[in-house]
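For reference, the chains in residue letters:
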Amino acid sequence: MIQEFILPDIGEGIVECELVEWLVKEGDIISEDQPVADVMTDKALVQIPAMHHGKVVKLHYKQGEIAKVHAPLFAVEIEAETEETGTSTETAETQSTTTPATTTAGKRSKDFILPDIGEGIVECELVEWLVKEGDWVEEDQPVADVMTDKALVQIPCMDQGRISKLYYKQGEIAKVHAPLFEIEIEDDSQPAAPVAVAANAAAETVQSAPAASASPVAQGKALASPAVRRIAREHNVDISQVQGSGKDGRVLKADMQAYVDAGHQNPTAAEQAATSAPQTATAQTGGKEDRVEAIRGIKAAMAKQMVNSVSTIPHFTYAEDMDITDLIALRKKLKPGMEAKGVKLTLMPFFMKAMALAIQEYPVLNSRINDDCTELTYLGSVNIGMAVDTPIGLLVPNVKNVQDLSIKEIAQEVSRLTEAARAGRVSQDDLKGGTISISNIGALGGTVATPIINKPEAAIVALGRTQSLPRFDAAGAVIARDIMQVSWSGDHRIIDGGTIARFCNLWKEYLEDPTAMLVDLH
């Protein structure tokens, strides 16, 4: 049976994306959840997974073309399901959009099915409903915020109609491919309601309007590439108000730039408030206007995680200086040989390996406590997370089983994860399962910090900037040494100051004299 894979909603009202790269070709056998394509929205690179096991028979787009949300992305040949299984043989389009329910008096109720939201995610927390039962909603209007284990995702409505039922309460876990809410829409078999007629008329007006029209024409769901949408957002422009000169009214970069140059930028929320309300003393001082920006995506997920961590874990911080002069010399000596093998060697693999060795003596640093503080689990794997500053927010992928890896193997993983994070392509597996974390604030110039623990971990360290500072040698002479300040935060429910000090001293010993690690390596 040939089944079309319908490109699902990929968040925040996005209606199209650029096909960056196919990860399969026609004729390939693919498995469920196998990555099939990389697509670029105006926010990030997103990897699209397969929903079925089967053979790829048709790729509907070429590299660089614009793919439409809710339209077929590729076709796959799968085994037909028999009646005995009792499973549905609906098309992928039906499974990833909505299913019919009941029809009454020209109205039809149907369920909105929560679509795939990326990378094998099967459930998410319903953070907040943005509508209530009885509300009228428009197509693409945000309906709910849901939280995966990676980010906050906004779910848009796919139809115009009235919300008749919300299937989950705030805080409950919603299932992918299960009904999220019920909506009452116009029955397709009945005459269209006046509002639908008006919408259709407006669409026809757009399609028939001349390209040289002097006044902007409302286009509803405007046609534009991700790059053009990004420009619109940067200049606070409602893209539906821009007259597109491309095929089918597509808004081109030149259209957007001309619109902005003509001074048609939309007022910010602050500007709108200033024109509709009396001026305040602040507005009269001549200072810049306030700018309001929604917190979404990775930044929203990080905000929630940090609040959860600080409000439930009693933090304490311990700072120390480390002389890493010899470590820097060792890295400099090993670097050319590693690069000849295609491996980029930084100091991070040494910090990670030394940490894994020190944890053997102080396993409480690599433990987890349950919510009611009645059990402590000592974790067998040392999975060290590293905070990476990316264009879409802070990500903390982790290197798995550091205790079993060589410096070379750790370096390869650090490079892979750093590149993936900065490209917005970190997998769920790489973000899950961390047991202790490192934040390299020194890369940006800081020396001391109070890092927030990445719950449910028990500790985190911030690496400060390396400085050349004067120190006394054995003969009392002043010499220059490379000094790094490190700042630990620990969970004071299970780690006391003495323990973290002794642990830090052992970790420091390995790093100040890297050859000391050799005797403890397995």
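Preceding block: the structure.
All of the points below concern the structure found in this document. Starting afresh in each chain, residues are numbered from 1 along the sequence in its written order. Per-residue local features of the predicted model are confined to residues with pLDDT of at least 70, and side-chain atom pairs are confined, for both listing and counting, to 80 or more; whole-chain, interface and lining totals are unaffected and use all residues. Side-chain measures were taken over the full set of non-hydrogen atoms in the model, leaving aside hydrogen atoms and water.

**A closer look at the sheet that holds strand 5 (residues 45-49)**
- When DSSP locates at least two bridges between a pair of strands, those strands are taken to pair. For the purposes of this entry, the term helix denotes a DSSP run of H or I that reaches at least four residues, the term strand denotes a run of E that reaches at least two, and both are numbered from the N terminus. Taken in spatial order, the four strands make up an open sheet running 5-4-2-7, and their pairing is antiparallel. A single partner strand is all that each edge strand has here, and the edge strands are strand 5 and strand 7 (66-68). For this sheet, the mean inter-axis angle between neighbouring strands, taken without regard to orientation, is 45 degrees. Only the stretch in contact is used when a helix axis is fitted, and all axes are lines through C-alpha atoms; the angle between N-to-C directions ranges over 0 to 180 degrees.

**Things to note about the environment of Gly64**
- Mapped onto the elements of the fold, Gly64 is located in the loop between strand 6 (54-59) and strand 7.
- Each C-alpha atom of the pair Gly64 and Met40 lies 9.7 Å from the other, and the pair is 24 residues apart in sequence.
- The contacts of Gly64, once residues within four sequence positions are left out, are Glu18 and Leu19. Contact between two residues is taken to exist if any of their heavy atoms lie within 4.5 Å; hydrogens are not considered.

**Let's talk about the sheet that holds strand 1 (residues 2-6)**
- One open sheet accounts for four strands, arranged 1-8-6-3; its pairing is antiparallel. Unpaired on one side and paired on the other, strand 1 and strand 3 (29-30) mark the two borders of the sheet.
- With two bridges joining them, strand 3 and strand 6 adopt antiparallel strand pairing. When the sheet's bridge partners are listed, Ile29 is paired in strand 6 with Lys55.

**Some remarks on the side chain of Asp491**
- Assignment of secondary structure puts Asp491 in strand 27 (residues 478-491).
- Summary of the burial criterion: residues with accessible area below 20% of their type's maximum are buried, those above 50% are exposed, and those between are partly exposed, where the area comes from a 1.4 Å probe applied to protein chains only. Asp491 sits in the buried class, given a relative accessible area of 1%.

**Remarks on the packing of helix 8 (residues 348-361) against helix 9 (residues 407-422)**
- Helix 9 packs onto helix 8 with a crossing angle of 120 degrees between their chain directions and a minimal axis gap of 9 Å. Taken together, the axis directions place helix 8 and helix 9 in an arrangement best described as oblique. Viewed along their axes, helix 8 and helix 9 form a crossing whose handedness is right-handed. Mapping the contact onto sequence places Met348, Pro349, Phe350, Met352 and Lys353 in helix 8 and Ile407, Ile410, Ala411 and Val414 in helix 9.
- Gly counts as polar in this scheme, as do all residues outside two lists: the nonpolar Ala, Val, Leu, Ile, Met, Phe, Trp, Tyr, Cys and Pro, and the charged Asp, Glu, Lys and Arg. Of the residues assigned to the contact of helix 8 with helix 9, the class counts are eight nonpolar, no polar and one charged. For classification, angles of less than 35 degrees are called roughly parallel, those exceeding 145 degrees roughly antiparallel, those between 65 and 115 degrees roughly perpendicular, and all remaining angles oblique. Note on convention: near helix rotated counterclockwise from far helix by under a right angle means a left-handed crossing. Clockwise means right-handed.

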